[in-house]
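This is what each chain is made of:
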Amino acid sequence: MRTKKSGAVAGLVLATLAAALTPSTASATLAVPSGGGATKVVTAAPVVRQVRLNVPRTAEVGANLSGYAQVVDIDGKLALPVPGVRVSIQMQRSGAGFVAVSSDTTDESGMVTFGFTARTNVTWRAVMQTSRKTLVSKQVTTAATAQANWGGRPDMDVTHGVRAHFAVRVLPTGGKVALQYAAGRSGHLAWVSAKPVGVPQSGLVDPYITFTKAGTYYVRAATVRSAFNAAGYTSTITITVR
């Protein structure tokens, strides 16, 4: 026979279980009947909602990329996807504030995806906002590496004491680029930089190196890192200096 006391205990257990299954930052207390008619109180771990963001950390200028944000409820060791919530993807360029670039509703996997073209260094964040609270992901920065390529066929045989020019094409324009060289010996390469030169709107520059002695050298061009772009490098060539 079911007594009023046992019915009350069962009702308390059901109500508490329902509360425990609702995402919350507070822990839930379960009243569980135990042997001898006593009630055992168990404290369950809280369910925590998180917004996670995944984007490439580095990319060459001009590359088309994609990223995604995911909303999950962390229940113990489980990460449960949260569908049907709106997430805003925001980006921040050097010297500016965050601006929204997309806003979408999470799918059955708790995810929203977005695409972008790498142009400058960008810091990203994902924001989930409801009438009750706002959740923000950890910030992730994508470093946009400048493109640097040889602008023509490099001269592989040059004379010391004479300017050796090497055409370089750089994207984006407006920054600086420098030739670098290292003696062709085994072991660690000690790169020496020539004087940086500005990159015009055409993107094509013609810097030079004056080698002081004959020998074998490795040569490359490197853009100068800035607040907007990470340094980019051409391929390394081996030249003979006579």
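So, a few notes on the structure that sits alongside this text. (Residues numbered from 1 in each chain as written. Predicted model: local features only at pLDDT ≥ 70, side-chain atom pairs only at ≥ 80, totals over all residues. Heavy atoms only, no water.)

1. Observations regarding the overall build of the protein
And then number 1: When you go through the protein residue by residue, the secondary structure sums to 1 helix and 23 strands.
And then number 2: Classification of the 242 residues of the protein by burial places 33% in the buried group.
And then number 3: Sequence separation of at least 24 residues holds for 57% of the intrachain contacts in the protein that already meet a minimum separation of 6.
And then number 4: Carbon and sulfur atoms make up 54% of the accessible area of the protein, which amounts to about 14,400 Å² in all. (Helix = DSSP H or I, 4+ residues; strand = E, 2+ residues; numbered from the N terminus. Buried < 20%, exposed > 50% of the residue type's maximum accessible area, 1.4 Å probe, protein only. Contact = heavy atoms within 4.5 Å. Areas by Shrake-Rupley, 256 points an atom, 1.4 Å probe, with all protein chains shown as cover.)

2. Things to note about the pattern of salt bridges
Pairing is possible between side chains that carry opposite charge, provided their charged atoms lie close to one another.
And then number 1: Enumeration according to the criterion identifies 2 salt bridges in this entry.
And then number 2: Notably, a salt bridge pairs Asp73 with Arg49, separated by 2.7 Å at the nearest N-O pair. Of this pair, Asp73 sits in strand β5 (residues 64-75) while Arg49 sits in strand β3 (residues 48-54); the two residues are 24 residues apart in sequence, bridging distant segments of the chain.
And then number 3: Look at Asp73 and you get buried, because its relative accessible area is 9%.
And then number 4: According to the relative accessible area criterion, Arg49 is partly exposed, its value standing at 22%.
And then number 5: The closest approach of N and O atoms between Arg242 and Asp157, which form a salt bridge, is 3.0 Å. (Salt bridge = Lys/Arg side-chain N within 4 Å of Asp/Glu carboxyl O.)

3. Concerning the pairing of strand β22 (residues 215-223)
And then number 1: Bridging between strand β17 (residues 176-183) and β22 involves 7 bridges; their strand directions are antiparallel. Within the sheet, the bridge partner assigned to Gln180 lies in β22 and is Arg220.
And then number 2: Bridge count between β22 and strand β23 (residues 237-241): 5 bridges; the pairing is antiparallel. Directly across from Tyr217, in β23, lies its bridge partner Ile239. (Pairing = 2+ DSSP bridges.)

4. Here we look at the environment of Asp157
And then number 1: Residue placement: Asp157 occurs in strand β14 (residues 157-158).
And then number 2: Taking the C-alpha atoms as reference points, Asp157 and Thr240, 83 residues apart in sequence, are found 5.0 Å from one another.
And then number 3: When neighbours within four sequence positions are excluded, Asp157 is seen to be in contact with Thr240 and Arg242.

5. Topic: the packing of aromatic side chains
And then number 1: Applying the stated criterion across every chain, the model contains 7 aromatic pairs.
And then number 2: A centroid spacing of 6.2 Å and a plane angle of 25° characterise the contact between Phe114 and Phe116, whose relative ring orientation is stacked. Side by side, Phe114 and Phe116 carry an identical accessibility label, which is buried.
And then number 3: Ring centres of Phe211 and Tyr217 lie 4.8 Å apart, and the angle between their planes is 40°; on these two criteria the pair is classed as tilted. (Phe/Tyr/Trp six-rings, centres within 6.5 Å; stacked < 30°, edge-to-face > 60°.)

6. Observations regarding the environment of Ser137
And then number 1: When you line up the elements, Ser137 lands in the loop between β11 (134-136) and β12 (140-145).
And then number 2: Each C-alpha atom of the pair Ser137 and Ala69 lies 8.5 Å from the other, and the pair is 68 residues apart in sequence.
And then number 3: Beyond its immediate sequence surroundings of up to four residues, Ser137 is in contact with Val51, Arg52, Leu53, Arg125 and Ala126.
And then number 4: Here Ala126 takes part through its backbone nitrogen, which lies 2.9 Å from a polar atom of the side chain of Ser137. (Polar contact = N/O pair within 3.5 Å; in protein donor to acceptor, adjacent residues only side chain to side chain.)

7. Overview of the sheet that holds strand β16 (residues 168-171)
And then number 1: In space, the 3 strands of this open sheet follow the order β13-β16-β20, with antiparallel pairing throughout. Edge positions in the sheet fall to β13 (147-150) and β20 (204-205), since each has one partner strand and no second.
And then number 2: Two elements, β16 and β20, share 2 bridges in a ladder whose sense is antiparallel. By the bridge assignment, Arg169 is partnered in β20 with Leu204.

8. Looking at unusual backbone geometry
And then number 1: Note the cis peptide between Leu171 and Pro172, where omega equals 5°.
And then number 2: Residue position: Pro172 is located in the loop between β16 and β17.

9. Here we look at the pairing of β17
Every other side chain in a regular strand lies on the same face of the sheet, so the side chains alternate between the two faces.
And then number 1: Taken together, the 2 bridges between β17 and strand β19 (residues 197-198) define a ladder with antiparallel strand orientation. For Lys176, the partnering residue across the bridge sits in β19 and is Gly198.
And then number 2: Pairing analysis gives 2 bridges linking β17 to strand β18 (residues 192-193), with the strands arranged antiparallel. The partner of Tyr181 across the bridge, within β18, is Val192.

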